[in-house]
Amino acid sequence: SSLEICQCLRTTGNPTSVVVLTNQGTVGERIAYLNAGANDCISKPFDLAELIAKIRVHLRYSQERTDLLQFGDLVLN
């Protein structure tokens, strides 16, 4: 599940920014994702401009860390 992916990223020390899009969007669900390591959680329906702005914020901070995105053996430059 996406919750397990967030947990796995954080327990392995992966600093990749994670923005979760969720169907239900209850407060409890959003809190669970944030506690699992997501940087942000957006509920559907959402405004596309808001999603793009949030992604830009996370990219701005992630560029300070690295230009590589890695998950397991998969590496994107």
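Scroll up for the structure.
I will try to describe carefully the structure that is included in this document. Not measured: the values here are computed from a predicted model.

A few words now on the nonpolar core. Counting eight residues, the largest nonpolar core consists of Cys6, Leu9, Val18, Val20, Tyr33, Ala36, Ala38 and Cys41. When residues of this core are traced back to their parent elements, those giving at least two are helix 1 (2-11) and helix 2 (27-36). Look past the residues within four positions of Ala38 in its chain and what remains in contact with it is Cys6, Val18, Val20 and Tyr33.

In this section: the pattern of salt bridges. Throughout the structure, instances matching the rule amount to two salt bridges. Here Asp40 makes a salt bridge to Lys54, at a shortest N to O gap of 3.2 Å. Of this pair, Asp40 sits in strand 2 (residues 40-43) while Lys54 sits in helix 3 (residues 48-62), and the two are 14 residues apart along the sequence. Take Asp40: its relative accessible area is 16%, and that puts it in the buried class. Between Lys54 and Glu50 there is a salt bridge; the shortest N-O distance is 3.9 Å. One end of the pair, Lys54, and the other, Glu50, are both in helix 3, four residues apart, so they sit about a helical turn from each other. Residue classification places Lys54 among the partly exposed positions, given a relative accessible area of 22%. One salt-bridge network, in which partners are shared between bridges, spans Asp40, Glu50 and Lys54.

With that settled, consider the state of the cysteines. Applying the stated rule across the entire model yields zero disulfides. Not engaged in a disulfide, the cysteine Cys6 finds its nearest cysteine sulfur in Cys41; these two sulfurs lie 8.5 Å apart. By relative accessible area, Cys6 is classed as buried at 2%.

Take helix 2 next. Every buried residue of helix 2 is accounted for by Glu29, Tyr33 and Ala36. Projected down its long axis, helix 2 carries its buried residues within an arc of 65 degrees, all on one side. Exposed residues on helix 2 whose side chains face more than 90 degrees from its buried face are Val27 and Asn35. On its buried face, helix 2 sits against helix 1, strand 1 (19-22) and strand 2. Gly37 sits one or two positions beyond helix 2 and adopts a positive phi of about 120 degrees.

What counts and what doesn't
- Residues numbered from 1 in each chain as written.
- Predicted model: local features only at pLDDT ≥ 70, side-chain atom pairs only at ≥ 80, totals over all residues.
- Heavy atoms only, no water.
- Core = buried A, V, L, I, M, F, W, Y, C linked by side-chain atoms within 4.5 Å.
- Buried < 20%, exposed > 50% of the residue type's maximum accessible area, 1.4 Å probe, protein only.
- Helix = DSSP H or I, 4+ residues; strand = E, 2+ residues; numbered from the N terminus.
- Contact = heavy atoms within 4.5 Å.
- Salt bridge = Lys/Arg side-chain N within 4 Å of Asp/Glu carboxyl O.
- Disulfide = S-S within 2.5 Å.
- Arc of directions from axis to C-beta.

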